[in-house]
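Summary of structural features
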Amino acid sequence: MKEAVMGASAVASGRVGATIGVEEEFHLVNPETGRLASGAERLLANVYPESALVGLAQQEFQRSMIETSTPICNDMDEVRTAVMESRRTIIEAADRAGLGVVAAGTVPDSGGQRGAVFPDARYRRISQEYRQLAVEQQVCACQVQVGVPDQELAVRSVARLRGWLPAMLALTAGSPYFQLTDTGYASYRNIVTARWPTGGPPPAFTGYSDYQRRIQNLIDAGVISDPGMIYYDVRPSHRYPTLEIRIADACPLVEDVVLVAALARALVVTAANAELRGDPPMVAHDEILRAATWKAARSGLTGQLVDPVAGQPVKAPELLRRLIAHVHDALEENGDLEFARQGVEAVLRRGTSAERQRRMLTQGSGFEGVVAAVLKETRTGC
């Protein structure tokens, strides 16, 4: 996303959730073997001028990854169109370069070799400092930027929505394989990212000044080098007037990306409205929140999750329906209610990406077949 455009658009609207953008991270693989391929520089160098990659795709931490950003959108139809267009452009360029583009939290080959860090001074510095964490950071997410023009409101909203993020993780779980083995997790990407000093569920900050002070404390302590290394599951963007929902695995299917965007916006709007009304905040203790996130990463939608309000076990389908009920008014206001309901029910019927990947492996085509199936889903509709 262009910083100036996002900033001007969000501030001009004055309404929480008036603007929305999606950032997708992709693995680059050898389409024949399904193994990771270091091809990001070839694409970003714009070898094929007609591919229009300039301004669309950005470098990511590893050479085997690439990120795309939508323009600023105002509704889910715009999000859908933008995601399809960006995928189509990058897939066509990758095809010409002999590469496959995979939208998934991990591919089976993730973490199995020494990662080739993109040749950027900041990335090299991070790689040198964090060592094996950086080596294994071959994971991809789907991130949603929701416009919140007021920084204070954005930070205060985090505590009100963070308890619902494990449900979003369970819905998008798509990374069962790592280092060429079944991890037993539905989202092993979440386990990988949670190991970083600022990964996982965020603290409940009291306000923007508290957020700034505590981030600066981490920088002063030498734990992180800059605000961009705040990897919490939700964070105020350090570049845009937004809240950034970062917990979802990369989603192979475009409709699931749009569903994540709709739910993310509804969560932010619901939290901000509650803050503006002065409603009592939802109590989600840090230890329960971390445990709920782990549970979602472990089981996806195939087991019990944790209700963020009651702190009690609940079946995954029921928790998703409670999530829809929690954000009902915001979904309805934005015209997304029926789409979100149908989208959640569709995921429950067909299973998460992790479930589909495991079914594919049982068919006897090996990890190559798993990657081929996710490659096909990533291209669907593009």
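What comes next concerns the included structure. Predicted model only: the values in this text are computed from it and were never measured. (Residues numbered from 1 in each chain as written. Predicted model: local features only at pLDDT ≥ 70, side-chain atom pairs only at ≥ 80, totals over all residues. Heavy atoms only, no water.)

Further remarks concern the pattern of salt bridges. One pass over the structure, following the stated rule, counts 25 salt bridges. One salt bridge connects D307 with R322, and the closest N-O pair in it is separated by 2.5 Å. On the criterion of sequence distance, the pair formed by D307 in the loop between β12 (304–306) and β13 (313–315) and R322 in helix α12 (residues 316–326) is long-range, its members being 15 residues apart. With a shortest N-O distance of 3.0 Å, R322 and E318 are connected by a salt bridge. Taken together, the residues R322 and E318, both in helix α12 and four residues apart, mark about one turn of the helix. Taken together, the shared-partner salt bridges in this structure form one network comprising D77, R80 and E255. (Salt bridge = Lys/Arg side-chain N within 4 Å of Asp/Glu carboxyl O. Helix = DSSP H or I, 4+ residues; strand = E, 2+ residues; numbered from the N terminus.)

Attention now moves to helix α6 (residues 151–161). The buried fraction of α6 is high, at eight of 11 residues. Tucked into the core, α6 has its buried residues touching α7 (165–172), α9 (208–220), β10 (234–236), β11 (242–249) and α10 (254–277). The N-capping residue of α6, defined by a side-chain oxygen 3.2 Å from the backbone nitrogen of E152, is D150. (Buried < 20%, exposed > 50% of the residue type's maximum accessible area, 1.4 Å probe, protein only. Contact = heavy atoms within 4.5 Å. Polar contact = N/O pair within 3.5 Å; in protein donor to acceptor, adjacent residues only side chain to side chain.)

Extensive coverage of strand β1 (residues 20–29) is indicated by the burial of 10 of its 10 residues. Going residue by residue along β1, you find I20, V22, E24, F26 and L28 tucked away on one face and G21, E23, E25, H27 and V29 tucked away on the opposite face as well. The sheet contact formed by β1 and strand β5 (residues 141–147) spans five bridges and is antiparallel. Of the residues in β5, the one forming a bridge with V22 is V144. In this structure, β1 lies alongside strand β3 (residues 65–69), joined through five bridges in antiparallel fashion. Looking at β3, one finds that H27 is bridged to M65. Examined bridge by bridge, β1 and strand β4 (residues 100–102) share three bridges and lie antiparallel to one another. (Pairing = 2+ DSSP bridges.)

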